[in-house]
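Architecture and fold: a report
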Amino acid sequence: PGPVLWTLLAAPFVPGAASGEQLVMGVDATSLLDGSVVVEHAAELDMLLVVGDDGVVAHHTSELAPPTPVDALDPLAPVGRFTGLGGGEGVGDSAVASGIRILGTVLSAAMLAGVSSRALEVARGYALERQQFGVPIGSFQAIKHMLSDMYVRTVFAESVTYAAAAVIDQPGDEDSTRVAASAKLLASEAAIENSSSAIQILGGMGFTWDMLPNYLLKRSWAIESDFGLAEEHQLYVGSTLGVVG
């Protein structure tokens, strides 16, 4: 129940991040608006990292004004707004910033692929248990088609994410930024579509706070906004494609 992704990203250069002594969250510099930014777990953070084109800057939250609470999309992840961000302590150069952006994009894709898989698991389990007209609803062709599409999306998202991770782990001729963008794009679509399908399969109760698909969809929206929206990755991937004419 915390910024797991940013803890991993910060661990190499923020002492105490890996052990949990320092609770770290981060944002891209493009998220800043007049020196303010909205982040999850704001009230609990020890440090906020800002990743820009020129490098990575660390802000100790004890030196900032207390964050203003903001209504959260996901009640499990409280949100707050920090203001007056300026200066800060440089903890990484442009190469470090670029590496964080690429790795963060792939890790976000991995989390989204996990959401996609969990949505499929929940929808499948419900379709096997819920009965209508004396048979499980999973026996209906319409439900079968939805579950099949969810499976394909999940496998596709997992495959492209593993491929992107392999490129980062063993760099070669592949463009790591492009493969990371591809993974985030497809994983975002899979998570959002599968969460939405799970809500539909669970019927009228699927969108309530008592049911897991509701949380999965909210989490998909939140993760999709990290390290570039799907539309941004789509434009980038498109710009790398050769034109045949």
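Residues numbered from 1 in each chain as written. Predicted model: local features only at pLDDT ≥ 70, side-chain atom pairs only at ≥ 80, totals over all residues. Heavy atoms only, no water.

1. Some details on the pattern of salt bridges
Quick reminder of the rule: The working definition used for a salt bridge is a side-chain nitrogen of Lys or Arg within 4 Å of a carboxyl oxygen of Asp or Glu. Going along the chain from the N terminus, every DSSP run of H or I of four or more residues is numbered as a helix, and every run of E of two or more is numbered as a strand. Only protein chains enter the accessibility calculation, which uses a 1.4 Å probe. A residue is then buried if its area is under 20% of the maximum for its type, exposed if over 50%, and partly exposed in between.
Scanning all chains against the criterion turns up five salt bridges. A salt bridge links Arg 219 to Glu 40, with the shortest nitrogen-to-oxygen separation between them at 3.2 Å. You can see Arg 219 sitting in helix α5 (residues 212-224) and its partner Glu 40 sitting in strand β2 (residues 37-40), a full 179 residues away along the chain. A salt bridge links Arg 101 to Asp 53; the shortest N-O distance between them is 2.7 Å. Here Arg 101 is found in helix α2 (residues 94-129), whereas its partner Asp 53 is found in the loop between β3 (47-51) and β4 (55-60), with 48 residues between them in sequence. Given the relative accessible area of 22%, Arg 101 is considered partly exposed. On the accessibility criterion, Asp 53 (61% relative accessible area) is exposed.

2. Describing the nonpolar core
In plain terms, the rule: Nonpolar cores were defined as sets of buried Ala, Val, Leu, Ile, Met, Phe, Trp, Tyr and Cys residues, with membership established by side-chain atoms within 4.5 Å. Throughout, a contact is declared for two residues whenever any of their heavy atoms are within 4.5 Å.
In this structure, Ala 123, Ile 143, Leu 147, Met 150 and Ile 201 are the most contacted members of the largest nonpolar core, which totals 32 residues. Per element, the largest residue contribution to this core is 12 residues, and it comes from α2. Those residues in contact with Ile 143 that sit more than four places away from it in its chain are Ala 127, Ile 137, Gly 138 and Ile 201.

3. Describing the pairing of β3
A regular strand places its side chains on the two faces of the sheet in alternate fashion. Under the convention used in this document: One bridge is not enough; two strands pair if DSSP finds at least two bridges between them.
Burial analysis of β3 places five of its five residues in the buried class, the great majority of the element. Here β3 shows no split at all, with Met 47, Leu 49 and Val 51 on one side and Leu 48 and Val 50 on the other all buried. Where strand β1 (residues 24-28) meets β3, five bridges bridge the pair, whose relative direction is parallel. Directly across from Asp 28, in β3, lies its bridge partner Val 51. As paired strands, β3 and β4 are joined by five bridges and run antiparallel to one another. When the bridges of β4 are listed, Val 50 appears paired with Val 57. Where β3 folds back on β4, the antiparallel hairpin that results is connected by three residues.

4. As for helix α4 (residues 176-201)
Spelled out, the test is: Helices are assigned an expected span. That span is 1.5 Å times one less than the residue count. Pairing of N or O atoms within 3.5 Å defines a polar contact, subject to two protein rules: one partner must be a possible hydrogen donor and the other a possible acceptor, and residues neighboring in sequence count only if both atoms are side-chain atoms.
The terminal C-alpha atoms of α4 lie 37 Å apart, and with 26 residues this matches the ideal 38 Å at 1.5 Å per residue to within 8%. Measuring from the backbone nitrogen of Thr 177 back to the side-chain oxygen at the start of α4 gives 3.0 Å, which picks out Asp 175 as the cap. Where α4 ends, the next residue or the one after it, Gly 203, has phi of about 75°, a positive value.

5. What to know about the layout of surface pockets
As a reminder, the rule being used: Throughout, the protein atoms alone are placed on a 1 Å grid, and a set of points is a cavity if a 1.4 Å probe fits but cannot get out or a pocket if it is open with protein on both sides within 12 Å along at least five of seven lines; lining residues have an atom within 4 Å of a point. Grid points are joined across faces, edges and corners, and a volume is the space filled by probe spheres set on the points. By the convention adopted, Pro, Cys, Tyr, Trp, Phe, Met, Ile, Leu, Val and Ala count as nonpolar, Lys, Arg, Asp and Glu as charged, and the other residues, Gly among them, as polar.
In this structure, the largest pocket encloses a volume near 1000 Å³. Around the largest pocket, the lining is made up of 37 residues, and of these Ser 31, Ser 225, Asp 226, Phe 227 and Gly 228 lie nearest the centre. Of all the secondary-structure elements, those providing two or more residues to the lining of the largest pocket are β1, β2, α2, α4, α5 and α6 (230-240). For the lining of the largest pocket, a count of residues per class yields 20 nonpolar, nine polar and eight charged.

6. Here's the deal with the pairing of β4
As paired strands, β4 and strand β7 (residues 89-93) are joined by four bridges and run antiparallel to one another. Note on β7: the bridge partner recorded for Gly 55 is Asp 93.

7. Digging into the sheet that holds β1
Applied cut-off: Only the stretch in contact is used when fitting a helix axis, every axis being a line fitted to C-alpha atoms; angles between N-to-C directions are given from 0 to 180 degrees.
The four strands lie next to each other as β1-β3-β4-β7, forming an open sheet whose pairing is mixed. A single partner strand is all that each edge strand has here, and the edge strands are β1 and β7. The sheet shows a mean angle of 25° between the axes of neighbouring strands, taken without regard to direction.

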